[in-house]
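# Structural features, examined
Chain residues, written in single-letter form:
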Amino acid sequence: MNKIRLLCILHVPPPHHGAAKVGEFIRNSHVINETFECRFIPIRSSDTIADIGKVNWKKIYFVIELYLKVLWMLIVFRPDKIYFTASIRSVAFYRDLLVSTLWKSYRYLTSVEIFYHYHTKGVDEFVSASARNLALTRFFLRNIRLILLSPMLSQDFRKIDTIQDISYLPNGVENTLSEREFNQICDRRYDPSQSTIHALYLSNMIKSKGYFDVLKAAIALKNNNIHFHFAGGWQNDNDRVEFFETITQHDLHNVTFHGFINGAEKQKLFEQSHLFIFPTRYPNEAFPLSILEALSYGLPILSTDEGSIPYILDNQCGIIVENLDNLLDGLKIALNQFMNLETSQYCRDRYMQNFTLQQFEKNLVRTLNA
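Residues numbered from 1 in each chain as written. Predicted model: local features only at pLDDT ≥ 70, side-chain atom pairs only at ≥ 80, totals over all residues. Heavy atoms only, no water.

## A short note on empty space enclosed by the protein
Applying the stated criterion to the full structure yields 2 cavities of 30 Å³ or more. Within this model, the largest cavity holds a volume of roughly 50 Å³. Considering the residues around the largest cavity, the lining is formed by Ile41, Pro42, Ile43, Arg44, Phe62, Glu65, Leu66 and Lys69. Put simply, the parts of the chain that give the lining of the largest cavity at least two residues each are strand 2 (37–42) and helix 3 (57–76). Looking at side-chain class alone, the lining of the largest cavity contains 5 nonpolar, no polar and 3 charged residues. For the second largest cavity, the calculated volume is near 30 Å³. Around the second largest cavity, the lining residues are Ser87, Ile88, Phe93, Tyr118, Val123, Phe126, Thr137 and Phe140. Of all the elements in the fold, those that place two or more residues in the lining of the second largest cavity are helix 5 (123–128) and helix 6 (131–140). Tallied by class, the residues present in the lining of the second largest cavity amount to 6 nonpolar, 2 polar and no charged. (1 Å grid on protein atoms, 1.4 Å probe; cavity = no way out; pocket = protein on both sides within 12 Å on 5 of 7 lines; lining within 4 Å. Points joined across faces, edges and corners; volume = space filled by probe spheres on them. Helix = DSSP H or I, 4+ residues; strand = E, 2+ residues; numbered from the N terminus. Nonpolar A, V, L, I, M, F, W, Y, C, P; charged D, E, K, R; others polar.)

Next up, the structure:
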């Protein structure tokens, strides 16, 4: 029996963001490649986080390249299903709109199923800005099978009445630890001889993701036994300068900046930490992979009610603040309630039961075969 032909058009690193990480996993997944006859077309646009949203000749070339690659695959490969990582606004939306005319035309000749997977939010804001945006988005999503990260994001599409159906597919991240290794980490984490608590912010160094709010907490708790670790790449130089000037101005010996890290460096930082802090108000925040990674290492979470974060966390593994003015109070509660072995084990269990890559693979295959 011939396999179903699946064409995947998706983001992969660089830059390193949630959609790109998920795209890279899908491209490398043995389960997906064994279930379907797959072809993959990477969506190339920005080399760094700072480049996102900007227009230049290189991006125009990438749009033309993407259009021609998709056209060629429709002619030669003739997919039965198309999986596409969709963008919401700006130049990326119009690029996607242009390329979508290819498979919309192809659909007149075949019974192809088309899936759009959204890894971000902001559609409602975009379509509310103008009648043109609403009309174009309705056209873009006409007769599309939509994949969202959680039911909490469905309201983002309340004004779109052209969608065929909606499926929900929570993200997953790789389990890098055996249970024995996890237990060893917990033994070191809660060794009575270790008096310092290590709090971690790990994400892109974008102000709306909350790193500066964590730095303010570091100022307030300067004389306490808590050390704050920051890791991520900078969006712009002005933020970087302000960050280090603030550290110098307040003589923050309780702060360490690790830069952009990956692989073994990131694993080591998760292992030595006690708490993950991610007070994001990033407009497009939908389902942060960094929170899933932290849970996989048994770290309780201090975050906000942005996007699907309340779907990921419950009150046994996280504290959610609705107002960032209350971040310090939330941090104190976390330090008082969550710095124990039982909480770490619960965080790990919640990850293992809900957010592993194996579950993501299984759910994606089921969604594409529905």
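## Regarding helix 11 (residues 289–296)
Counted residue by residue, helix 11 has 8 buried out of 8 residues, so it is predominantly covered. Buried within helix 11 are the following residues: Leu289, Ser290, Ile291, Leu292, Glu293, Ala294, Leu295 and Ser296. Note on helix 11: the residue one or two positions beyond its end, Gly298, has a positive phi of about 80°. (Buried < 20%, exposed > 50% of the residue type's maximum accessible area, 1.4 Å probe, protein only.)

## Here we look at the packing of helix 1 (residues 18–28) against helix 15 (residues 357–369)
One way to put it is that helix 1 packs onto helix 15 with a least axis distance of 12 Å and a crossing angle of 75°. The angle between helix 1 and helix 15 falls in the class roughly perpendicular. Contact residues: helix 1 offers Val22, Phe25 and Ile26, while helix 15 offers Leu357, Phe360, Glu361 and Leu364. Looking at side-chain class alone, the contact of helix 1 with helix 15 contains 6 nonpolar, no polar and 1 charged residues. (Axes fitted to C-alpha atoms, helices over the stretch in contact; angles between N-to-C directions. Parallel < 35°, antiparallel > 145°, perpendicular 65-115°, else oblique. Contact = heavy atoms within 4.5 Å.)

## Focus: the sheet that holds strand 1 (residues 5–10)
One open sheet holds the 6 strands; their spatial order is 2-1-3-4-5-6, and the pairing between them is parallel. Strand pairing shows two members of the sheet lacking a second neighbour, strand 2 and strand 6 (165–168), which therefore form its edges. When the angles between neighbouring strand axes are averaged without regard to direction, this sheet yields 20°. The pairing of strand 4 (residues 113–118) with strand 5 (residues 145–148) spans 3 bridges and is parallel. Looking at the pairing, His117 lines up with Ile147 of strand 5. Strand contacts of helix 3: strand 1, strand 2 and strand 3 (81–86), with the helix running at about 165° to strand 2, the strand carrying the most contacts. (Pairing = 2+ DSSP bridges.)

## Details of the layout of surface pockets
Sizing a probe to match a water molecule and rolling it over the atoms shows the empty space that remains. Each pocket or cavity is described by its volume, and for the second largest pocket that value is around 620 Å³. Taken together, 24 residues line the second largest pocket, and the ones lying closest to its centre are Val173, Glu174, Lys266, Glu293 and Leu357. Where the lining of the second largest pocket is concerned, the elements lending two or more residues are helix 1, helix 2 (30–35), helix 10 (263–272), helix 11 and helix 15. Counting residues per element, the lining of the second largest pocket draws most heavily on helix 1, which supplies 5 residues. Of the residues that constitute the lining of the second largest pocket, the class distribution is 8 nonpolar, 10 polar and 6 charged.

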